[in-house]
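# What the coordinates show
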Amino acid sequence: MSTRTAPSNLTHGQKRLWFLHQMDPDDASYNIPLVLRLTGELSPASLRAAFEALVARHEALRSRFPAEDGNPAASVAEPGPVDVEFRDLRGDGDRLETLIADRTNRAFDLARGPLLRVSLFRTGDTEHVLCLVLHHIVADGWSLNVLRDELAAHYTAHLRGEDAGLPAPPAHPAGQEGEADEAQARESLAYWVPAGADR
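Just so we're clear, the structure is a prediction, and the values are computed from it rather than from any experiment.

The rules behind these values
- Residues numbered from 1 in each chain as written.
- Predicted model: local features only at pLDDT ≥ 70, side-chain atom pairs only at ≥ 80, totals over all residues.
- Heavy atoms only, no water.
- pLDDT = per-residue confidence, 0-100.
- Contact = heavy atoms within 4.5 Å.
- Pairing = 2+ DSSP bridges.
- Helix = DSSP H or I, 4+ residues; strand = E, 2+ residues; numbered from the N terminus.
- Axes fitted to C-alpha atoms, helices over the stretch in contact; angles between N-to-C directions.
- Expected span 1.5 Å × (residues − 1).
- Buried < 20%, exposed > 50% of the residue type's maximum accessible area, 1.4 Å probe, protein only.

The subject of this paragraph is the confidence of the model for the protein. When pLDDT is averaged along the protein, the result is 85; 81% of the residues meet or exceed 70. Confidence drops under pLDDT 50 across residues 4-8; counting only partners more than four residues distant or on other chains, this segment forms 10 contacts. For residues 173-180, every residue scores under 50 in pLDDT, and the model assigns this stretch 13 contacts once sequence neighbours within four places are set aside.

Right, here's the structure in full:
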């Protein structure tokens, strides 16, 4: 998968996370998990397509953070397939918590990526558990809620053979360090941060 240099520098927060990773590459403290129990019929093919649409939509989810002359740099991979792990745990549900803990507590390689990990565990005929894990260098709690909602929109659209019709997302406010355009910053906050949240 080809990559290109990211158009903007890393923020102070991203640089801090990068340096912490260099000191302890096996540390998973900055992994952000989202675990969802899903009930009803589910199409693994549509779920994979939804993740691929989501990752294609957001450059942050395709970002890598290699070193250049000992300093952190950023690159963005072109859109492509997303690895979604499927495990059938029917009759073996006791392993679920262990498997989720393993996916959540496994460190990412910031230089090579990808910086998201997707697992779908089937626990019954119409019961699944979705485990999504991202590194904090590309996501936070606010953006995770937005990504969850967009994933659902892409999934439903794929089932119907339609386009999700989502507007182009503004840059995440964490990536607008030094941004002088206050109107753009307000638009970004309105998109990524829920109303009433502590900003």
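It is worth spelling out the sheet that holds strand 8 (residues 116-124) at this point. Spatially, 2-9-8-7 is the arrangement adopted by the four strands of the open sheet, whose pairing is mixed. The open sheet terminates on both sides in strands that have one partner only, identified here as strand 2 (31-39) and strand 7 (84-88). Put simply, the sheet's adjacent strands are angled 15° from each other on average, direction ignored. Inspection of the sheet shows strand 8 paired to strand 9 (residues 127-135) by eight bridges, in the antiparallel sense. Across the sheet, the residue bridging to V118 is L132, located in strand 9.

What follows is about helix 4 (residues 141-160). When the terminal C-alpha atoms of helix 4 are compared, their 30 Å separation across 20 residues agrees well with the 28 Å that a helix rising 1.5 Å per residue should span. Along helix 4, the positions that sit buried rather than exposed are S143, L144, V146, L147, E150, L151, H154, Y155 and A157. Just downstream of helix 4, G161 is the residue with a positive phi angle, here 70°.

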